[in-house]
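The residues making up each chain are set out below.
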Amino acid sequence: MRNSRDQETAPIAAPRNGSASNMFRSFGSLFGAGGGNGGGTESARPMTPQSSDGYVEFGMQDPERNGRTLGTFAGVFSPVALSMFSALVFIRVGYIVGNAGLYVTLLQFLIAYAILLFTVASVCAISTNGAVEGGGVYFMISRTLGLEFGGSIGTLFFFANVVGCAMAISGCTEGIIDNFGPGGHFINEGGAHLPDGKWWRFLISSGINTSMLLVCLVGAALFAKTSVIILATVTVCLFATYISFLIVGATNDTIPVPVVNTLMNATKFLPYTGLSGKTLRENLGSHYGTDYTSNYKNVDFSTTFGVLFSGVTGIMAGANMSGELKNPSKSIPWGTLSAVCFTFVSYIILSFLMSCTTPYVTMQNNYLFLMPVNLWPPFTAIGILTATFSTGLSNLIGSSRILEALSKDQVFGSLLNFVLRGTWKGNPICAVVISWVLVECILLIGSFNIIAQINSVLFMLSYLATNLACLGIELTGAPNFRPLFKYFTWHTCLVGLLGTLIMMFVINPIYASSCIILCLILVIALHLFSPATQAAQWGSISQALMFHQVRKYLLMLDPRKDHVKFWRPQILLLVSSPRSCCPLVDFVNDLKKSGLYIIGHVKLGDCNGVEDAVENQQWWSFLDHMRVKAFTEVTISRSIREGVQHLIRLSGIGAMKPNTIILGFYDNETPKDFFQNGTSPYKTDDFNEGDALSFPIRRDGEPKQFEVQEYVQILCDTLRMKKNLCLCRNFQRLDKNFITISKHVKYIDVWPINVFNPTSGDPFDMVSLFMMQLAVIMLAKWKHLRVRIFLCETNEESAVGTFDTQAPQMDIFSKLKLEQTLKELRINAEIIEIQEWSRNSDFTRHARILRQFTSQADEALLDDGDEIAEDKFNHSLLYMQRVNQIIRDRSDQTALSFIYLAAPPKPSLTDFSDRSASYIELLTELTAELPPTILVHGVSTVTSTTL
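The shown structure was predicted, so the numbers you read here are calculated from the model rather than taken from an experiment.

We now examine the overall build of the protein. Helices and strands together make up the secondary structure of the protein, namely 34 helices and 16 strands. Intrachain contacts of the protein at a sequence separation of at least 6 include 82% that bridge at least 24 residues. Here the protein has roughly 41,800 Å² of accessible surface; of this, 59% comes from carbon and sulfur atoms.

Here the focus is a nonpolar patch on the surface. Among the surface-exposed residues, Ile243, Leu246, Ile247, Leu275, Leu375, Trp376 and Ile382 lie close enough to one another that they form a single nonpolar patch of about 690 Å² accessible area. It is helix H10 (residues 220-247) that contributes the most residues to the nonpolar patch, three residues altogether. Here Leu275 lies in the loop between strand S2 (269-272) and helix H11 (277-282).

Glancing now at the pattern of salt bridges. Taken as a whole, this structure holds 14 salt bridges when the rule is applied. Its salt-bridge partner being Asp558, residue Arg560 comes within 3.0 Å of it at the nearest N-O pair. As a salt-bridge pair, Arg641 and Asp717 come within 2.7 Å of each other at their nearest N and O atoms. Linking Arg641 in helix H26 (residues 640-650) with Asp717 in helix H27 (residues 708-720), this pair joins segments that are 76 residues apart in sequence. With relative accessibility at 24%, the residue Arg641 sits in the partly exposed group. A relative accessible area of 3% means that Asp717 is categorised as buried. One network of salt bridges, with partners in common, ties together Asp586, Asp590 and Lys736.

Where helix H7 (residues 137-145) meets helix H19 (residues 448-476), the axes come as close as 10 Å, and the angle between the chain directions of the two elements is 40°. When the interaxial angle is binned, H7 and H19 end up oblique. In terms of crossing hand, the pair formed by H7 and H19 is left-handed. Contacts from Val137, Ile141, Thr144 and Leu145 in H7 reach Ser462, Ala465, Thr466, Leu468, Ala469 and Ile473 in H19. Here the residues of the contact of H7 with H19 are counted per class, giving seven nonpolar, three polar and no charged.

Turning to the sheet that holds strand S15 (residues 894-900), a few remarks are in order. With mixed pairing, ten strands are arranged side by side in an open sheet as S9-S8-S7-S10-S11-S16-S15-S12-S13-S14. Because the sheet does not close on itself, it has two edges, and the strands there are strand S9 (631-637) and strand S14 (829-834). Between one strand and the next, the sheet's axes are offset by a mean angle of 25°, whatever the strand orientation. Sheet analysis places strand S10 (residues 660-664) next to strand S11 (residues 724-729), joined by five bridges and oriented parallel.

The next point concerns the packing of aromatic side chains. A ring pair, where both rings are aromatic, is described by two values, the distance of the centres and the angle of the planes. Under the definition given, this model contains 33 aromatic pairs. A ring pair is formed by Phe481 and Phe488, whose centres lie 6.0 Å apart and whose planes are at 80°; its orientation type is edge-to-face. Since its relative accessible area comes to 11%, Phe481 is described here as buried. Given a relative accessible area of 11%, Phe488 falls into the buried group. Aromatic pair Phe622 and Phe695: ring centres 5.8 Å apart, planes at 70°, arrangement edge-to-face. Placement of the pair is Phe622 in helix H25 (residues 612-626) and Phe695 in the loop between S10 and H27, with a sequence separation of 73 residues. Each member of the aromatic cluster is reached from another via a ring pair, and the members are Phe73, Phe77, Phe85, Phe109, Tyr113, Phe342, Phe344 and Tyr347. Here the basic side chain of Lys704 rests over the ring of Tyr666, its NZ or CZ set 4.6 Å away from the ring centre.

Moving on, we come to the side chain of Thr235. Position of Thr235 relative to the elements: it lies in helix H10. Look at Thr235 and you get buried, because its relative accessible area is 17%.

Another point: the nonpolar core. If you look at the biggest cluster of nonpolar residues, it comprises 141 residues, and the most contacted ones within it are Phe245, Phe309, Val312 and Tyr347. Counting residues per element, this core draws most heavily on helix H6 (residues 88-127), which supplies 19 residues. Ignoring sequence-local partners within four residues, the contact set of Tyr347 consists of Met84, Phe85, Leu88, Val89, Val93, Phe109, Tyr113, Gly311 and Val312. Core analysis: the second largest hydrophobic core is formed by 60 residues, Cys728, Val745, Met771 and Leu822 among them.

Turning our attention to a positive patch on the surface. On the surface, Arg568, Lys593, Lys629, Lys781 and Lys783 cluster together into a positively charged patch. Relative to the assigned elements, Lys593 resides in the loop between helix H24 (582-591) and strand S8 (597-604).

With that settled, consider helix H18 (residues 429-443). With 15 residues, H18 ought to run about 21 Å at 1.5 Å a step, and its terminal C-alpha atoms sit 21 Å apart, in line with that. Every buried residue belonging to H18 is among Ala431, Val432, Ser435, Val439, Glu440 and Leu443, and all of these are buried. Turning to H18, the residues buried within the fold contact helix H8 (147-180), helix H9 (198-218), helix H16 (378-408), helix H17 (417-421) and strand S6 (427-428).

So, about the confidence of the model for the protein. On average, the protein scores 80 in pLDDT, and the residues at 70 or more come to 83%. Below pLDDT 50 for its whole length, residues 1-61 participates in 61 contacts with residues either more than four positions away or in separate chains. Scored below 50 in pLDDT, residues 797-806 shows eleven contacts in the model against residues more than four places distant or in partner chains.

Summed over all chains, the structure comprises zero disulfides. As a non-bridged cysteine, Cys124 has Cys470 as the owner of its nearest cysteine sulfur, 9.7 Å distant.

The next thing to look at is H27. For H27, which comprises 13 residues, the first-to-last C-alpha distance of 18 Å matches the rise-based estimate of 18 Å (1.5 Å per residue) to within 8%. Most of H27 sits out of view: eleven of its 13 residues are buried. Buried residues belonging to H27 abut H26, S10, S11, helix H34 (912-927) and strand S16 (933-937). Looking one or two residues past H27, Lys722 carries a phi angle of roughly 60°, positive in sign.

Glancing now at the environment of Phe305. Of note, Phe305 is situated in helix H12 (residues 301-311). Residue class for Phe305 comes out buried when judged on its relative accessible area of 0%. For the pair Phe305 and Ile507, spaced 202 residues apart in sequence, the C-alpha to C-alpha distance is 6.7 Å. Setting aside its immediate chain neighbours within four residues, Phe305 contacts Gln108, Ile111, Ala112, Met460, Met503 and Ile507.

Calculation rules
Numbering of residues starts from 1 in every chain and runs along the sequence as written. Residue-level local features of this predicted model are given only where pLDDT is at least 70; pairs of side-chain atoms are given and counted only at 80 or more, and the full residue set underlies all totals for whole chains, interfaces and linings. Note that the side-chain values use all heavy atoms of the structure and ignore hydrogens as well as water. Strands here mean DSSP runs of E at least two residues long; helices mean DSSP runs of H or I at least four residues long; both are numbered from the N terminus. Only heavy atoms matter for contacts: two residues are in contact if any of them lie within 4.5 Å across the pair. Here the Shrake-Rupley method, with its probe set to 1.4 Å, supplies the accessible areas, and only the displayed protein chains count as covering residues. Residues enter patches when they are more than 30% accessible in relative terms and free of salt bridges; like-charged ones are connected within 9 Å and nonpolar ones (Val, Leu, Ile, Met, Phe, Trp, Tyr) within 5 Å. The term salt bridge refers to a pairing of a side-chain nitrogen on Lys or Arg with a carboxyl oxygen on Asp or Glu at a separation within 4 Å. Three labels apply to residues, based on accessible area from a 1.4 Å probe with only protein chains included: buried if under 20% of the type maximum, exposed if over 50%, partly exposed otherwise in between. Angles shown run from 0 to 180 degrees and are taken between the N-to-C directions of axes, each axis being a line fitted to C-alpha atoms and, for helices, limited to the stretch in contact. Angular relationships are summarised with four words: roughly parallel below 35 degrees, roughly antiparallel beyond 145, roughly perpendicular across 65 to 115, and oblique for the angles in between. Handedness of a helix crossing follows the sense of rotation of the near helix relative to the far helix, less than a right angle counterclockwise being left-handed and clockwise being right-handed. Residue type decides the class: Asp, Glu, Lys and Arg count as charged, Ala, Val, Leu, Ile, Met, Phe, Trp, Tyr, Cys and Pro as nonpolar, and the leftover types, Gly among them, as polar. Only strands that DSSP links by at least two bridges are regarded as paired with each other. Stacked, edge-to-face and tilted are the three classes for Phe, Tyr and Trp ring pairs, Trp counted by its six-membered ring, which pair at centre distances within 6.5 Å; planes under 30 degrees apart are stacked, over 60 edge-to-face, the rest tilted. Lysine and arginine charges are scored as sitting over a ring when NZ or CZ, respectively, is within 6 Å of the ring centre and within 35 degrees of the ring normal. We define the nonpolar core as a collection of buried residues of types Ala, Val, Leu, Ile, Met, Phe, Trp, Tyr and Cys that are connected through side-chain atoms lying within 4.5 Å of one another. Counted as positive: Lys and Arg. Counted as negative: Asp and Glu, with His and the chain ends omitted from the count. For this purpose, a charge sits on NZ of Lys, CZ of Arg, CG of Asp or CD of Glu. Between the first and last residue of a helix there are one fewer steps than residues, each counted as 1.5 Å, and that sum is the expected span. pLDDT is defined as a per-residue confidence score from the predictor, taking values between 0 and 100. Our working definition of a disulfide is a cysteine sulfur pair at a distance within 2.5 Å.

As structure tokens, then:
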């Protein structure tokens, strides 16, 4: 018990040790140590032999010993800023401003960065609520939304990084060709140049991709160490561009028309005005044209926004490096937010300066016009190559890390095990190679702008999932959701989610729909085939949301508003050992008709030494094995009767309380072990006796845990608590598969006659109607069967002791009345008349004797107050045997029988012990050698004839 509790509380207890880590960081900052540990990886790492004190080992762990070497600036700010600059800053801002105009461009930047800002808030909230390990956004989503959504979104985010890498490489290739290809800026007229063409561009892109592969094989640390230098280089080039806009004046022979732009062959150069109010006014509005790099497709708002958003999707670049960060919970929020603000200001300034200096015709027809107007053109070339190369490298590293995390988590089972085996010194070589191959495939698309739209949609879907994760966990009100980042609410999550969803379809409805469908397919596939252990270890927000909603609706479910029209069985099945009652457990699962189903069990003893966690796990495993939709309730009591009272009173919650109690029959048959029976469909080795998950079973010769008197007292308690009562016998013979395929088994039988006191009113009382309701419920499961109702005609004694001569007329009336009742209840059943009771007056005479064994017994009914005579009881047994023979003769094709159960004798009678034993013995004779049989006694109205 103690070990179990320690294991359960370990994930909660581990963060408490972080106080030592925080203290170490405080001292470390004074001496220039910086950072701090990564938390999540350390808590999962086993203690070393040198550490006798786990607290000290956890708190004082040096993050560099686990490969965590990056701080906020190098690990987050630099890769995020570089990814958000990408190819957009030097290649496509002019394309957007020239087509959409300054106003629409500013609006698009505001929309894009609003989505990014809300998403960053969600990322910061999740990342500061606990330790973030490798995998970045995938890790955060999977640990918040659960395995299915986390795995599917993580897979799509992996592809988003692959497409983003291909887009950056495509932009880099475009810059190389425009600079060193035919008519390139650095190529003299007639001089040697790089060849141009679709396949030449693919070859150059492949070379760039391969160089990125080599860098990744060396390790991400090399890129991280150089990212600061690369960012500085890009920033210098960008500031050089700003200065050039302010200094370079008007010119008409500086900006050439690209060779690939065949529509402008008649024009050799494009105009440039420098700072001009007229140019600004002309560029305020939209002038949508065609895209000369995509077969001259028309440009509109969606295409420009798709290109724009693809260039600013790098907010997850820092989160993707979470496995290398010293303190992810601190570095990710501050580094990402500062990078977002920095790039936003940079883009706004660049867009405004372009609008003030460059006519829209120039921006539409030469996407690299920044180079000719630069004070030193190589600045732009260097900026293009460094920005695109670093962005592509960041995406390639990010995709490989996500694939590595997917394989570590066994999301796709053993399918990705080779990725783990292909890891060398912490670098996922196989994951890098797979990412490289997929990037090669995407490069075959060729056009930068088409790749950009696919990239935008995939990243938006990832951002949508991130906002959804934060929104869900915020709405659940989980006490453990206490992020250090406080600048978010569920409103920001919802706005980010809706904005992302809307703009996905604005960019490209086909791409958006395809990605969502693919995501749903992955969710369903992971739900069906993924290992359940991972979901249990991570937790799932769906469980928290379901708890939140179920609690709310349970409070709204008012038992005072119950109506018989909407009655359904709410069943409590009492079992002694699951080993012996598998067919009954399976059958009741069909009988519940979408109602409440609780399996109850009473353990004799006290609470000392009982391990509830192990006990619950045992029963949950049993439910999983049986595949039934049920709850379990186990109570401990000093007697079976007292425990059953607890279960009947306390099972369920709110208005969802059991209204029907089902028990097995009290007999002397040896229980059958369905877990060990070789022909049993319930056979399993998971519950072998002697294991931790073992259910004891009474063996042949072992005594029962309670006597027959206590069993009958339980029946009386059930009826006294106004619960419907069912006793099930012979269910060890039930074979659902045989019933389904057999052509011999055809019927569900209902015997609406109280054999202890038969009367003509039996078929119409509450008990019989309850039996018919249960039979119709089972008919919905076994559609090929038919319901038979046996109308047993009786001769009732009159007040003077003679028999009614109008019995035949009464019988005809009873049949017509029963037909009318069935018609009103919409029950399709065959009525079969049984004449034995009306033909033989001895059957009716036995009613006076048999009533003495039921709840109708009274001391005054006994002759002279004596005990029940032996010969009268023997006659009663003979009577029950004859009734049993009548039922057996008609049960050859019966799958299931419902028989009227007379209420048991009251415990207040002086000779209750004898009467209860006789009552059970008579029921035993009644049900001997029958098909699976349910003895039913209903106490509430369950049928309705009204709308």
